[in-house]
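# Coordinates in review
The chain contents come next:
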Amino acid sequence: MIEFEKLTNGQGSLLMYLETRAVDFAGRVNGPHMNADDFADAALLDKEGVIKFGRICSNHVTSDGANWVELLDPAWEYVAKLRRAKAVRMFTARQWMSTAEKRAAEMEDAE
């Protein structure tokens, strides 16, 4: 089994992309959004038993994709951790404030 902590940022990003495709597109993967390294990494993750990844039969290929993915339990668990960490990073770096934060800042300025 693959050691998730040793995955590169690119491989983690790929797993998050594949998770999105599994959830929102019934597993159909849009290849033009992947590069050669992504395809090699998907093949490695498939070989390691983290995902199942392959080609869709030719009469079912559409502009939405010619590949399919199924995440297995270890991938689901790891991607959940990656998404949570990304959400924290994004929220911490946000460029907006809530109305409650604005009111609190205005009250501090008034004092």
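Treat the numbers as computed from the prediction; the structure is a model and nothing was measured.

The next thing to look at is the confidence of the model for the protein. Per-chain confidence: the protein averages 95 in pLDDT, with 100% of residues scoring 70 or above. At the low end of the mean pLDDT range in the protein sits helix H4 (residues 99–110), at 91; at the high end sits strand S3 (residues 67–71), at 98.

To continue, consider the sheet that holds strand S2 (residues 51–55). Spatially, S1-S3-S2 is the arrangement adopted by the three strands of the open sheet, whose pairing is antiparallel. Only two strands of the sheet have a single neighbouring strand rather than two, namely strand S1 (28–29) and S2. Bridge analysis of S2 against S3 gives five bridges, and the strand direction is antiparallel. Within S3, the position partnered with Lys52 by the bridge is Glu70. Running at roughly 125° to S2, helix H2 (residues 36–47) makes contact with S2 and S3 of the sheet.

Residues Asn67, Val69 and Leu71 point to one face of S3 and are all buried, whereas Trp68 and Glu70, pointing to the other face, are not buried. Of the pairings in the sheet, the one linking S1 to S3 comprises two bridges and is antiparallel in character. Bridged to Val29 within S3 is Asn67.

This part covers the environment of Trp68. With respect to the secondary-structure elements, Trp68 resides in strand S3. Each C-alpha atom of the pair Trp68 and Arg55 lies 6.0 Å from the other, and the pair is 13 residues apart in sequence. Dropping the residues within four chain positions of it, Trp68 is found in contact with Gly27, Val29, Lys52, Phe53, Gly54, Arg55 and Ile56. A distance of 3.3 Å separates a polar atom in the side chain of Trp68 from the backbone oxygen of Arg55.

In this section: the pattern of salt bridges. Summed over all chains, the structure comprises four salt bridges. Glu19 is the salt-bridge partner of Arg83, the closest N and O atoms lying 2.7 Å from each other. With Arg83 in helix H3 (residues 73–92) and Glu19 in helix H1 (residues 9–24), this residue pair connects regions lying 64 residues apart in the sequence. According to the relative accessible area criterion, Glu19 is buried, its value standing at 14%.

Analysis parameters
Along each chain, numbering runs from 1 in the same order as the chain's sequence is written. Whole-chain, interface and lining totals are the exception, using all residues; otherwise, since this is a predicted model, local features are given only for residues with pLDDT of at least 70 and side-chain atom pairs are given and counted only at 80 or more. Only hydrogens and water are set aside when side-chain values are computed; all heavy atoms of the structure are taken into account. Looking at any residue, its pLDDT shows the predictor's confidence there, from 0 to 100. Numbering of helices and strands runs from the N terminus, with a helix taken as a DSSP run of H or I at least four residues long and a strand as a DSSP run of E at least two residues long. A pair of strands is labelled paired if DSSP reports no fewer than 2 bridges between them. Contact criterion: two residues are considered in contact whenever any of their non-hydrogen atoms come within 4.5 Å of each other. To get an axis, fit a line to the C-alpha atoms, keeping to the stretch in contact for a helix; angles then go from 0 to 180 degrees between the N-to-C directions. Residue exposure (1.4 Å probe, protein chains only): buried if accessible area is under 20% of the type maximum, exposed if over 50%, otherwise partly exposed. Pairing of N or O atoms within 3.5 Å defines a polar contact, subject to two protein rules: one partner must be a possible hydrogen donor and the other a possible acceptor, and residues neighboring in sequence count only if both atoms are side-chain atoms. Here, a salt bridge means any side-chain nitrogen of Lys or Arg that lies within 4 Å of a carboxyl oxygen of Asp or Glu.

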